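# Chain and residue survey
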Amino acid sequence: MHPFFRTISFCCLFVLGALAAFAQPKLEFNLKKPKQFEERKLGSEKMADKKFTPVRKFFQNTFTHYNYYFNANEKLNSVIAFAKESQKDDYTDLLSFYPYSLKTTSASGDLDSVIVTATTGILLHDLRNAWIDNLYTLIGKAYLLRMDYDSAFMTFQYINTSYAPKEEGGFDQPIASNSVEGSNALSISTKEKTNLAKKAFSEPPSRNESFIWMIRTLTEQGNYLDASSLVSTLHSDPIFPDRLKPELDEVTAYLFYRIEQWDSAAVYTEKATALADGLHDKARRYYLAGQLYQLAGMHKQASEAFERSTQTAVDPVMEIYARLNTIRLRKSEDPNIIDQNIADLKSLARKDSYRNYRDIIYYAIAMFEVEREGYDAADNYLSQSIAYNEENPAQRSASFKLQGDVRYAAKKYGKAALPYDSVNLALAKPFDSLQTAIRRPGTKAVSQADLVIDLQDSLLRIASMEEPARTAAVKDIAKRLRKERGLKEEAENAGRGGSASVAATNTDLFSQGGTWYFYDANRRANGFIRFRERFGDRPNADNWRRISAISINATIANNTNTGTNPVTTPVPTETNEDNEKYDTADISFDNLYSRLPISPEKQARANNRITLALFFKALALHEQIEDYPEAIKVYEQVLSRRDTGQIAAQTLFNLIHCYTKVGNTQAAANAKRMLEQNFAQTTIAQKSANGPTNQKKEAAAEAKATEQYNKIYSLFIQGDFKQAEELKRKADSTFGKDYWTPQLLYIETVYYLQTKQDTIAGRKLDAIIASFPDHPLAKKAALIKEVLPRRREIETYLTNLEVTRTPEDKIMIPVSGAKPTQVPTLPTQAPTQKIVPATVNKPILDTSARTLVAAPPAPTAVVLPYTIKAEDASHVAIVLENIDPAYVNEVVYSLSNSPQRNSVDATVAIEKKKLRDKLFLVIIRSPSFNTATAAYRYIEYLKPIATKNILSWLGADKYHYIIVNDENLNKLQQDPALDVYEKILKQTFPGKF
């Protein structure tokens with residue numbers, strides 16, 4: 001044989017021998033086949049009883065690797081790569097931990113192809129080859145990326161158990177046993193080969209990798225206790241491979257990220273930078289670590305992390321924000337530190353490489369000015385930010401929003417209207433969008449009033465001049481306006497009684513005689529003017545809207561009032577206006593001069609317009625913006641200009657409320673006295689004088705109806721539906737519908753839903769939506785109304801509402817389209833303990849929060865049935881007594897499905913415990929409730945939110961809060977002496993419960 005072929009044959013035999021030594025353990029499974037294929041065998045079945053010779057090992061490993069694993073893995077990576085490209089990071093907010101969203105990956109159909117390809121590779125090949133466990137890992141990853149967490153967990157659990165270390169004879173080795181005799185360290189990992197030859201010719205076992213993905217799956221499920229237990233075990237496992245430690249650090253960081261332990265998350269995020277896929281990913285990880293350090297209050301470490309992000313970044317936007325954050329974290333006692341930071345940013349803006357990002361830089365400079373309340377400077381920088389913005393609509397919208405906020409904070413409400421109106425609500429963050437929508441009406445009303453005031457003041461000022469100066473001023477204005485519009489100057493003889501204005505020439509705009517219309521400046525000007533006369537001032541923008549000086553008069557004429565203040569002010573009808581419209585299109589000298597209020601009648605009319613505008617400006621400040629000191633100033637201007645008539649009466653009435661709000665009771669009393677003395681015969685004065693008496697009469701008239709409907713409400717809550725319905729029919733016939741409440745309608749709707757009377761329930765939901773559109777229950781009613789026609793889809797929910805349905809100590813939380821899931825258990829017996837690495841600082845707690853301090857013990861030793869300690873881990877419990885189980889289930893459902901249930905400090909889980917008939921506890925658990933103080937802090941967070949939003953349908957007197965630890969909870973379930981427990985709780989923490 002030729003030496004070359006002899007060498008090749010020797011190498012092949014060596015490779016085949018190596019593969020034989022590193023074969024995977026034999027797997028078996030029972031696959032139920034369709035009847036027509038029961039006699040047919042799969043490839044994996046045919047080879048099960050054959051010898052796994054070196055030649056077969058070589059070909060099986062090769063085919064499985066390159067025909068199946070390689071293709072499936074490439075497709076899986078392409079799904080992740082596409083999701084990364086689809087995600088746009090917002091560097092002004094906390095970055096997501098992973099640079100892609102599972103919502104994006106789950107929408108990809110390629111994941112199904114990955115699962116099919118990997119499954120086919122398993123079934124068609126010998127299960128003893130080296131790539132079967134890798135195919136199972138791909139299947140688990142695909143399930144995770146598809147957000148099928150239960151399937152993903154079961155797949156990784158299968159890898160864990162099937163590929164666990166074996167003893168001689170094929171028996172499983174004990175898992176989580178001491179790896180070294182006499183050592184306390186537990187080992188659950190598979191020991192990997194360390195010699196070079198075996199590393200070169202075999203893939204490492206996937207079982208260790210499956211632990212990493214199992215931790216992420218548990219974290220995605222919200223099963224933080226099991227995830228932390230597995231993390232703790234692997235960190236202390238002496239044989240866990242070094243190659244996977246960066247991946248372990250990454251999932252550990254993600255776990256801390258999800259439970260909001262920012263300092264620990266930051267430490268492990270930095271450790272996991274070894275996994276970075278390129279410079280951009282590495283810079284992003286450092287940037288995220290900086291944000292996490294910043295949230296933990298560790299500014300030095302945050303600054304260092306941002307600096308590393310700056311040095312690594314290839315994305316200029318990330319680099320800019322990293323630099324900005326580094327500068328902002330320069331904390332110093334030097335009063336000039338902000339000036340130094342602004343100078344650094346201006347220097348950055350002058351560099352050519354940052355030319356396209358000056359909008360972001362000037363936005364950041366404005367933020368520095370806002371920190372020291374330099375609102376005028378901030379306004380100027382934001383104007384530059386907007387001017388430099390060319391292709392970044394989100395940043396442009398943010399700049400307009402901040403500019404509006406700056407002017408709002410400086411009490412320049414009228415000037416804030418324009419930037420607020422320019423904010424794109426679709427691009428703004430939810431809070432910014434809501435705040436902008438709330439502030440727009442008030443600032444716009446002030447802006448419109450200011451336009452009228454400025455215009456009339458200018459006209460009066462010019463009219464007060466001597467004739468030569470007046471004529472010269474009007475000519476200058478006409479000349480400037482014509483120049484701005486690109487028109488020729490008027491003839492020299494134009495003046496008082498001179499030539500006709502441009503609007504009087506060429507009635508036929510498009511006549512064919514002479515120069516073409518679009519080449520004739522005078523005819524184009526004529527067309528422009530006639531358009532303005534017919535349609536008004538229209539800016540070059542979508543959704544045209546009129547913005548003119550007469551809009552405030554239109555507001556008066558239409559009697560509009562959008563105030564949300566309890567004092568809803570009627571619009572005065574005493575205007576004495578002839579509704580003269582200002583034709584702002586005709587800019588000839590004669591037309592402008594004719595509008596000057598020279599005569600006493602026109603001057604009176606101009607002053608009247610100013611007074612009305614001032615009144616509506618004050619009204620906007622009072623009822624919409626709720627800046628009472630500013631409203632008082634403007635109201636007082638109104639009184640100084642007009643002290644008689646309906647406007648003066650209404651102004652005094654509104655001043656009483658404003659003075660009361662600012663605590664100036666003396667001024668409020670004076671305003672009330674003036675109102676009653678000068679306007680005694682007006683309705684508003686009588687309302688002010690007899691307010692308390694009228695309120696008492698109205699309260700007395702309503703008392704009977706209120707008492708009756710409260711009784712009906714209580715009967716519904718207690719489950720006495722028949723009696724409640726009968727009393728409600730009688731009450732409605734007596735009192736009508738004026739005394740209905742959204743809470744009563746909602747609990748009545750729950751009753752009709754429970755009894756499957758959908759038509760009546762639909763009418764009740766419509767009544768809530770129509771009668772109480774601003775109440776939190778209206779939104780919930782609209783949601784139920786939307787899904788009510790799809791009865792089958794919400795059958796689980798309706799079943800949960802039935803009183804006689806299931807044992808009352810259990811409850812299912814329905815989620816539309818989701819299957820009931822079971823919380824999986826870890827494959828090991830690792831201790832369930834929370835990870836607190838020795839090198840990581842504990843989260844910084846809010847020292848300003850109130851703490852529970854136990855009362856000193858009684859002087860004589862008394863054996864109490866319940867032991868309550870401030871340092872014990874506790875749960876929050878809502879006590880529901882004499883409430884029908886259907887509404888108890890509704891409480892659990894409302895809490896579990898509310899996005900507000902989790903606080904900044906705690907992520908909670910909800911469950912129900914029945915102590916006895918008509919006595920339930922809704923238990924709120926969280927790993928963060930490690931002391932009674934932490935649990936009590938959550939009660940302070942939840943109580944106002946539950947009253948206003950989550951449980952707004954349930955009277956506050958129908959439930960109350962306690963804290964309870966596991967030991968006392970078990971005692972209460974055995975002997976429900978809740979009154980005794982609450983008495984001891986109040987004695988232990990006086991004044992808290």
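Residues numbered from 1 in each chain as written. Predicted model: local features only at pLDDT ≥ 70, side-chain atom pairs only at ≥ 80, totals over all residues. Heavy atoms only, no water.

Turning our attention to the overall build of the protein chain. When helices and strands are counted, the protein chain shows 40 helices and six strands. Taking all 993 residues of the protein chain together, the buried fraction comes to 46%. Within the protein chain, counting contacts between residues at least 6 apart in sequence, those at least 24 apart form 66% of the total. Carbon and sulfur atoms provide 52% of the accessible area of the protein chain, an area that totals close to 52600 Å². (Helix = DSSP H or I, 4+ residues; strand = E, 2+ residues; numbered from the N terminus. Buried < 20%, exposed > 50% of the residue type's maximum accessible area, 1.4 Å probe, protein only. Contact = heavy atoms within 4.5 Å. Areas by Shrake-Rupley, 256 points an atom, 1.4 Å probe, with all protein chains shown as cover.)

On to the packing of helix α27 (residues 628–641) against helix α28 (residues 645–661). Running from N to C, α27 and α28 cross one another at 155 degrees; their axes reach a closest spacing of 10 Å. By the angle between their directions, the pair α27 and α28 is classed as roughly antiparallel. With respect to the hand of their crossing, α27 and α28 are arranged in left-handed fashion. Contact with α27, carried on its side by Y628, A631, I632, Y635, E636, V638 and L639, involves I647, A648, T651, L652, N654, L655, H657, C658, Y659 and K661 of α28 and no other residues of that element. Here the residues of the contact of α27 with α28 sort into twelve nonpolar, three polar and two charged. (Axes fitted to C-alpha atoms, helices over the stretch in contact; angles between N-to-C directions. Parallel < 35°, antiparallel > 145°, perpendicular 65-115°, else oblique. Left-handed = near helix turned anticlockwise from the far one by under 90°. Nonpolar A, V, L, I, M, F, W, Y, C, P; charged D, E, K, R; others polar.)

Below, the discussion takes up the packing of aromatic side chains. On inspection of all chains with the given rule, the structure shows 24 aromatic pairs. These aromatic residues form a ring-pair network of at least three members: F97, Y98, Y100, Y254, Y257 and W262. For R439, the ring lying beneath its charged end belongs to Y408, and the centroid distance is 3.9 Å. (Phe/Tyr/Trp six-rings, centres within 6.5 Å; stacked < 30°, edge-to-face > 60°. Lys NZ or Arg CZ within 6 Å of the ring centre and 35° of its normal.)

With twelve residues, helix α10 (residues 224–235) ought to run about 16 Å at 1.5 Å a step, and its terminal C-alpha atoms sit 16 Å apart, in line with that. Summarising burial for α10: ten of the twelve residues are buried, a large majority. Looking only at α10, the buried set comprises Y224, D226, A227, S228, S229, L230, V231, S232, T233 and L234. (Expected span 1.5 Å × (residues − 1).)

Before going further, it helps to examine the confidence of the model for the protein chain. Looking at the protein chain as a whole, the pLDDT averages 74, with 65% of positions reaching at least 70. Here residues 573–578 is a poorly scored stretch, pLDDT under 50, and it has 17 contacts once near neighbours within four places are set aside; other chains count. Segment residues 801–849 is flagged for pLDDT under 50; beyond a separation of four residues in sequence, or across chains, it makes 92 contacts in the model. (pLDDT = per-residue confidence, 0-100.)

Right, let's get into the sheet that holds strand β3 (residues 875–881). Taking strand neighbours across the sheet as the criterion, the four strands line up as β4-β5-β3-β6 in an open arrangement whose pairing is antiparallel. Each of the sheet's edge strands pairs with one partner strand only, and the pair in question is β4 (909–916) and β6 (959–964). This sheet shows a mean twist of 30 degrees between the axes of neighbouring strands, independent of strand direction. Pairing of β3 with β6 involves six bridges; the strand directions are antiparallel. Opposite A877, over in β6, you have I962 as the bridge partner. Helix-sheet contacts for helix α38 (residues 932–950) involve β3, β5 (919–925) and β6, and the interaxial angle to β6 is about 165 degrees. (Pairing = 2+ DSSP bridges.)

What follows deals with the nonpolar core. One finds L234, Y257, Y287, L345 and I361 to be the most contacted residues of the largest nonpolar core, which totals 100 residues. In terms of residue count, the dominant contributor to this core is helix α6 (residues 132–145) (nine residues). Among all residues touching Y257, those that are not within four sequence positions of it are L94, L95, S96, F97, W262, A265, L288 and L292. Ranked by size, the runner-up nonpolar core spans 56 residues in total, among them L765, A767, L915 and A946. (Core = buried A, V, L, I, M, F, W, Y, C linked by side-chain atoms within 4.5 Å.)

Another point: a nonpolar patch on the surface. Among the surface-exposed residues, F58, F59 and F63 lie close enough to one another that they form a single nonpolar patch of about 270 Å² accessible area. Considering the arrangement of structural elements, one finds F59 in helix α3 (residues 54–86). (Patch = residues over 30% accessible without salt bridge, like charges linked within 9 Å, V, L, I, M, F, W, Y side chains within 5 Å. Salt bridge = Lys/Arg side-chain N within 4 Å of Asp/Glu carboxyl O.)

A word on the side chain of S309. Relative to the elements of secondary structure, S309 occurs in helix α14 (residues 299–312). A polar contact of 3.0 Å, which involves the side chain of S309, links it to the backbone oxygen of A283. Ignoring sequence-local partners within four residues, the contact set of S309 consists of A283, Y286, Y287, M318 and A322. (Polar contact = N/O pair within 3.5 Å; in protein donor to acceptor, adjacent residues only side chain to side chain.)

This next bit is on helix α12 (residues 262–271). Of all the ten residues making up α12, nine are buried; the element is thus mostly covered by neighbouring parts of the structure. Among all positions in α12, only W262, D263, S264, A265, A266, V267, Y268, T269 and E270 are buried.

Another aspect to go through is unusual backbone geometry. Positive phi, close to 60 degrees, is recorded for E260, a residue that is not glycine. Within the fold, E260 resides in the loop between α11 (245–258) and α12. What makes E260 partly exposed here is its relative accessible area of 29%.

Turning our attention to the environment of D226. You can see D226 is positioned in helix α10. The exposure class of D226 is buried, given its relative accessible area of 16%. For D226, the side chain forms a polar contact with the side chain of N223, separated by 2.9 Å.

Attention now moves to the packing of helix α9 (residues 206–221) against α11. In the contact formed by α9 and α11, the axes pass within 10 Å of each other and the chain directions differ by 10 degrees. The pairing of α9 with α11 is recorded here as roughly parallel in orientation. Between α9 and α11, the residues in contact are E209, I212, I215, R216, T219 and E220 and E247, L248, V251, Y254, L255 and R258, respectively. The residue inventory of the contact of α9 with α11, partitioned by class, reads six nonpolar, one polar and five charged.

For β5, the buried fraction is high: six of the seven residues fall into the buried class. Of the pairings in the sheet, the one linking β3 to β5 comprises six bridges and is antiparallel in character. When the sheet's bridge partners are listed, V876 is paired in β5 with I924. Inspection of the sheet shows β4 paired to β5 by seven bridges, in the antiparallel sense. Looking at the pairing, A909 lines up with R925 of β5. Between the antiparallel neighbours β4 and β5 lie two residues, among them K918 with a positive phi of about 60 degrees.

In total, this model carries 29 salt bridges according to the counting rule given. Notably, a salt bridge pairs E630 with K633, separated by 3.2 Å at the nearest N-O pair. In this pair, E630 and K633 both sit in helix α27, three residues apart, roughly one turn of the helix. By relative accessible area, which is 48% here, K633 ends up partly exposed. When the shortest N-O distance is used, the salt bridge between D966 and R925 registers 3.5 Å. Of the two residues, D966 sits in helix α39 (residues 966–974) while R925 sits in strand β5, which places them 41 residues apart along the sequence.

All right, on to the environment of A618 then. Structurally, A618 can be placed in helix α26 (residues 600–625). Discounting chain neighbours no more than four positions away, the residues touching A618 are A631, V634 and Y635.

On to the environment of P773, then. If you trace the backbone, P773 turns up in the loop between α34 (758–771) and α35 (776–787). In contact with P773, other than residues within four places in its own chain, are I768 and A778.

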